[in-house]
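A look at the structure
Here is how the chains run, residue by residue.
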Amino acid sequence: MQGIAALQPYVIALFLLWAALMKLFSRRMRAEAGRTALARLVGSARAIPTLRLVGVVELAVAAALLLPPVTPEEGAAAAVLSAGFVAYLAYAYAAAPTSSCGCLGAHSHPVDWRAFARAGLLCAAGVAAVWARPYPLDPPLVALGLVEVVALLGLSAELDRLWLSPLRQLLVRLRRPLAVRSPAEIPLEVSLHLLYLSPAYCSASAQLTSDVQDVWDEDGLRFVVYGARERTAVFSIPLAGADPAAIRVALT
């Protein structure tokens, strides 16, 4: 337990540094401060000064956690600051449910369970840091700290564009949720839309004298029959493709 407690000042300091630097130096975050829940709490005119003040406090606590010696007061300060984050999130969730919290960067995600989970973990880490004492950080302990950091990063909506959105896009490509499992599931309207774009239809359309007369599927093709004056026009549409140029027509 002493080793875990010794890790917490570094983990908390990492996130406080991130939060402080974003609040103090991110132009985009300052530009969007008026749209965060903080503006609802202190007013739009005071949102940016308050954001900077919080950033200075976060920077001071982070520096105290990183610089020796390790004292219980530093952990207590981190715990109090994290508890303040939880209280602020509760206010934002109740008073401005569609606004972002503006905690660690500019984004449009409203406060949700992930924000509360991250703040709660940081608060628990702050409580553990009260009992932090100098302790040798061996590889297993460092690995545990990295796991904790990764978990906190995964709960950060500010980073979704870097990993969650690409992951969702990859899953869509792999699972193909809109892919049709069998030719019978392809609506006729889809085939006709492709047909109307094809050179084959354009070349025969002047001779067509009826609407669709018959449709059947065979060998991966959908055959669509039209009346064509004294003849019949039969179009073959590939079920597996989306290239209008692959459609063929026969006049019989």
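Everything numeric here is computed off the predicted structure, so don't read it as measured data.

The rules behind these values
Residues numbered from 1 in each chain as written. Predicted model: local features only at pLDDT ≥ 70, side-chain atom pairs only at ≥ 80, totals over all residues. Heavy atoms only, no water. Helix = DSSP H or I, 4+ residues; strand = E, 2+ residues; numbered from the N terminus. Rg over C-alpha atoms; globule rule 2.2 N^0.38 Å. Buried < 20%, exposed > 50% of the residue type's maximum accessible area, 1.4 Å probe, protein only. Areas by Shrake-Rupley, 256 points an atom, 1.4 Å probe, with all protein chains shown as cover. Contact = heavy atoms within 4.5 Å. Phe/Tyr/Trp six-rings, centres within 6.5 Å; stacked < 30°, edge-to-face > 60°. Expected span 1.5 Å × (residues − 1). Pairing = 2+ DSSP bridges. Axes fitted to C-alpha atoms, helices over the stretch in contact; angles between N-to-C directions. Core = buried A, V, L, I, M, F, W, Y, C linked by side-chain atoms within 4.5 Å.

On a plain count of helices and strands, the protein chain comes out with 10 helices and 4 strands. Along its sequence from the N terminus, the protein chain presents helices and strands in the succession α-α-α-α-α-α-α-α-α-α-β-β-β-β. The C-alpha radius of gyration of the protein chain comes to 31 Å, more than 25% above the 18 Å expected for a compact globule of 252 residues. Each principal axis of the C-alpha distribution contributes one length, and for the protein chain these read about 95 × 50 × 30 Å. In the protein chain, which comprises 252 residues, the proportion classed as buried is 39%. With the model as given, the accessible surface of the protein chain reaches about 14,400 Å², and the carbon-plus-sulfur share is 65%.

Mapping I48 onto the fold places it in helix α4 (residues 47-66). Overall, I48 belongs to the partly exposed group, its relative accessible area being 29%. Excluding residues that lie within four positions of it along the chain, I48 makes contacts with R30 and A33.

Tallied over the full model, the rule gives 7 aromatic pairs. Where W216 meets F223, the ring centres are 5.2 Å apart and the plane angle is 20°; that geometry is what we call stacked. Judged by centre distance (5.7 Å) and plane angle (90°), the ring pair of Y226 and F235 falls under edge-to-face. For Y226, a relative accessible area of 3% puts it in the buried group.

Our next topic: helix α6 (residues 113-129). Here α6 is 17 residues long and its end C-alpha atoms lie 24 Å apart, about the 24 Å a rise of 1.5 Å per residue gives. Those residues of α6 not exposed but buried are R114, A115, R118, A119, L122, C123, A125, G126 and A129. Packed against the buried residues of α6 are α1 (2-25), α5 (72-95), α7 (139-154) and α8 (160-175).

Across the sheet, which stays open at both edges, the 4 strands sit in the order β1-β2-β3-β4 with antiparallel pairing between neighbours. In this open sheet, the two strands that pair with only one neighbour each are β1 (212-218) and β4 (248-251). Strand-to-strand twist across the sheet, computed as the mean angle between neighbouring axes with direction ignored, equals 20°. Examined bridge by bridge, β1 and strand β2 (residues 221-228) share 6 bridges and lie antiparallel to one another. Each bridged residue has a counterpart across the sheet, and for V212 the counterpart in β2 is Y226. Sitting on the sheet, helix α9 (residues 188-196) is in contact with β1, β2 and β3 (231-238), with an inclination near 65° to β2.

A general tendency of soluble globular proteins is for nonpolar side chains to be buried together. Ranked by size, the top nonpolar core spans 35 residues in total, and within it I12, L16, L65 and L89 carry the most contacts. Those elements giving two or more residues to this core turn out to be α1, α3 (37-42), α4, α5, α6 and α7. The next biggest cluster of nonpolar side chains, apart from the first, holds 14 residues, and it includes L192, A200, L208 and A228.

Take it as geometry only, folks, not as evidence of what the structure does.
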